[in-house]
Amino acid sequence: MSTIREKEQEIIDEFELFDDWMDKYNVIIELGKSLPPIKEEHKQEKFLIRGCQARVWLHADYKNGKVVYTADSDALITKGIIALLIRVLSGQPPRDIIDADLSFIDRIGLKDHLSQTRSNGLINMIKQMKLYALAFQKTRSTKQ
Amino acid sequence: MSIQPDILRQAFPILGRQVNNQPLVYLDNAATTHKPTAVIDRLRQYYESENSNIHRAAHLLSQQATEAHEQARSSVQSFINARQQHEVIFTRGTTEALNLVAFSFCKKFVRAGDEILISAMEHHSNIVPWQIACQEHQAVLKIIPMNEKGDLQMDEYRDMLGSKTRLVSVTHVSNALGTINPVKEIIDLAHQQNVPVLIDGAQAVPHMPVDVQDLDCDFYCFSGHKMYGPMGVGILYGKEEWLAKMPPYQSGGEMIKEVSFRKTTYNELPFKFEAGTPNVADILGMEAAIRFIRELGYAPVAEHENDLLQYAIENLKKLDNVRFIGTPAKRAGVVSFIFNDIHPYDTGTILDKMGIAVRTGHHCAQPIMDFYQVPGTVRISLAVYNTRQEIDVLINALKTVREMFG
Ligand SMILES: Cc1ncc(COP(=O)(O)O)c(C=O)c1O
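Let me sum up the structure you'll find in this document. (Residues numbered from 1 in each chain as written. Chains lettered and ligands numbered in written order. Predicted model: local features only at pLDDT ≥ 70, side-chain atom pairs only at ≥ 80, totals over all residues. Heavy atoms only, no water.)

1. Considerations on the side chain of E254 of chain B
Residues and elements named next belong to chain B.
Item 1. One can find E254 in the loop between α9 (240-243) and β11 (256-259).
Item 2. Overall, E254 belongs to the buried group, its relative accessible area being 12%.
Item 3. E254 has contacts with I54, H55, R56, N267, F271, E274 and G276, leaving out every residue within four places of it along the chain. (Helix = DSSP H or I, 4+ residues; strand = E, 2+ residues; numbered from the N terminus. Buried < 20%, exposed > 50% of the residue type's maximum accessible area, 1.4 Å probe, protein only. Contact = heavy atoms within 4.5 Å.)

2. Some details on the site of the ligand
All names here are of chain B.
Item 1. Neighbouring residues of the ligand: T94, T95, H123, S125, T171, N175, D200, A202, Q203, S223, H225 and K226.
Item 2. Residue S223 places a side-chain N or O atom 2.7 Å away from an oxygen atom belonging to the ligand.
Item 3. Measuring from an oxygen atom of the ligand, one finds a side-chain N or O atom of K226 at 2.6 Å.
Item 4. Protein burial of the ligand: of its 400 Å² of free accessible surface, 85% is covered by the chains.
Item 5. When the residues that make up the shell around the ligand are grouped by side-chain class, the tally is one nonpolar, nine polar and two charged. (Near = heavy atom within 4 Å. Polar contact = N/O pair within 3.5 Å; in protein donor to acceptor, adjacent residues only side chain to side chain. Areas by Shrake-Rupley, 256 points an atom, 1.4 Å probe, with all protein chains shown as cover. Nonpolar A, V, L, I, M, F, W, Y, C, P; charged D, E, K, R; others polar.)

3. Looking at the packing of aromatic side chains
Residue and element names in this part refer to chain B.
Item 1. Inspection of every chain in the model, using the stated rule, returns 20 aromatic pairs over all chains.
Item 2. Taken together through their ring pairs, the aromatic side chains of F12, Y228, F292 and Y385 make up a single cluster.
Item 3. Above the plane of the ring of Y311 lies R388, whose end atom (NZ or CZ) is 4.1 Å from the centre.
Item 4. The positively charged end of R402 is found above the aromatic ring belonging to F339, 4.9 Å away from the centroid. (Phe/Tyr/Trp six-rings, centres within 6.5 Å; stacked < 30°, edge-to-face > 60°. Lys NZ or Arg CZ within 6 Å of the ring centre and 35° of its normal.)

4. Some details on the interface of chain A and chain B
Item 1. In this assembly, 18 residues from chain A lie in contact with 16 residues from chain B.
Item 2. Together chain A and chain B conceal approximately 1500 Å² of surface at their shared face, both sides included; 61% is due to carbon and sulfur atoms.
Item 3. Where chain A meets chain B, there are three residue pairs in polar contact (both at pLDDT 80 or more).
Item 4. Looking at the side of chain A that touches chain B, the elements with two or more residues in it are α2 (21-34) and α3 (76-89) of chain A.
Item 5. For the side of chain A that touches chain B, a count of residues per class yields nine nonpolar, five polar and four charged. (Buried area = accessible area lost by both parts, 1.4 Å probe.)

5. Comments concerning the packing of helix α4 (residues 94-109) of chain B against helix α5 (residues 128-137) of chain B
A pair of packed helices can be characterised by two numbers: the angle between their axes and the separation between those axes.
Residues and elements named next belong to chain B.
Item 1. Closest axis-to-axis distance for the α4/α5 pair is 9 Å, and the angle between their directions is 20°. With respect to α5, the element α4 is oriented roughly parallel. Handedness of the crossing formed by α4 with α5: right-handed. In contact with L98, N99, V101, A102, C106 and K107 of α4, α5 contributes P129, W130, A133 and H137. (Axes fitted to C-alpha atoms, helices over the stretch in contact; angles between N-to-C directions. Parallel < 35°, antiparallel > 145°, perpendicular 65-115°, else oblique. Left-handed = near helix turned anticlockwise from the far one by under 90°.)

6. Some words on the pairing of strand β2 (residues 55-63) of chain A
Residues and elements named next belong to chain A.
Item 1. Sheet topology places strand β1 (residues 48-50) next to β2; three bridges connect them, and they run antiparallel. Of the residues in β2, the one forming a bridge with L48 is W57.
Item 2. Where β2 and strand β3 (residues 66-73) come together, eight bridges link them in antiparallel fashion. Paired with A60 across the bridge in β3 is Y69.
Item 3. Here β2 folds back onto β3 in antiparallel fashion, the turn holding two residues, of which N64 has a positive phi close to 50°. (Pairing = 2+ DSSP bridges.)

7. So, the side chain of D28 of chain B
All names here are of chain B.
Item 1. When you line up the elements, D28 lands in the loop between β3 (25-26) and α2 (37-50).
Item 2. Since its relative accessible area comes to 12%, D28 is described here as buried.
Item 3. Residues contacting D28, with those up to four places away along its chain left out, are A357, V358, R359, R379 and S381.

8. Things to note about the nonpolar core
Item 1. F79, Y157, V168, Y220, F222, Y228 and I368 of chain B are the most contacted members of the largest nonpolar core, which has 81 residues in total.
Item 2. Two domains each donate at least three residues to this core, and these are domain 1 (5-31 + 297-404) and domain 2 (40-294) of chain B.
Item 3. Other than its neighbours up to four places away in sequence, V168 of chain B contacts L117, I144, Y157, L161, I186, A190, V195, P196, V197 and L198 of chain B.
Item 4. Among the nonpolar cores identified, the runner-up in size contains 74 residues, and I29 and L102 of chain A together with Y311 and I380 of chain B belong to it. (Core = buried A, V, L, I, M, F, W, Y, C linked by side-chain atoms within 4.5 Å. Domains from an automatic or database assignment.)

Right, dumping it as structure tokens:
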């Protein structure tokens, strides 16, 4: 399994092929459409991350020392970016997730989607992904 | 003279810039309008050659700044046809004006069990201050409902007015739907029961003449930055009979007559409500904006903007899956819509990429979004410098959005 860094690099390489913003967004939209669905029981208030504009649902499981995320959003572009985040972070050990700087988002020119004014829930989603990792990390160390 | 946007646009330096490598198409004027050179120059001139604190010193600069400041007040007075100059209070904006009234009026006149009426289409800044004041005084906030079209239900309103009603506060024009409310009728009905009325005019003054004596409203407020003026300045108009009885909102310098550690007496109107150093530069900038609007004349402005509104609506109707949010009987400046199958955030993102600035989201009016059960809308809001060609660019961009997501 590749590390977070390797996966980020993969995505950067893939996106380097596009010099037209529209091609890039078409890919993100496709990624959004093909994001594996979150379970209905996880698409609830409890798992909702509120943005001012778009809503995001995030669920996390801890299996064999790895964090597995599923997520959804009502906006497709947000969903596409979520697909990228999941591709990078899901299946990784908590420590690595906590340390990830996710600079690939900036490198592929999507940083403005993470600004506060967009308030699409993505910033809070990343925070929440890291909080899950932190929580799993703690449960593991208390078990040991 | 009718508006010639191509010439007029030259007075707005920012309209020449590019966004995401495309010429800017700015259709977010309800959030804030751009500023003509006359306003920008006024700010510069003040700081370059007039800057001084006012009402304080005997030196020449201070004297001149004081005069300019009071002259601006008189310009505002004549702009809205207030009866007296001291009925015009300078504030930071509509929000501060609303907070001032909610605080001071309620402190003096509202008691437990009393009622305040606002409408279902208010901006958050005409909701939250009343919620806080009602909580403080154990009063009840009641909401005048609207219908599916985005028009207020006047029968309901009539029934809600009663002996417990202390104040009605409604918007002149809705920032989310564009509805022009029948404010004159709203005021008349309230006055029949001796209830004063505040009108939030933030979205009205950019589009239509306001005569506070003709309306007979008790309070009226608006922001400079939404009418081609600077940010950070706004107006509260209030009838003297109310303002004189209301306690100060903020306190400090300027608003006092005499201070000792035992007792302080307050200054007279309007200074009682203007604590601290005022925003002289922006107040003068706002005066320049008033001059700008007056030179254009409201009639040609309205004619031009209504033409654009109709043109936009006509062309939006031709797109698939469009749902208009708000189809009010009378409309100013704003069209809100969504594509049934595309999230407003997605629409807004692609439009931005194409250099088009619209607002997506709830427009600080979440109750309206709940009413229509939408996550937000795409809002087009117009100013006098917009053109039919910009609407064409928008419609083409929306076609692209439909191709990408549809
Ligand atoms: C109807 C209405 N009321 C009040 C406000 C608040 O104005 P400001 O932010 O300038 O204080 C706005 C601004 O969007 C508005 O549209």
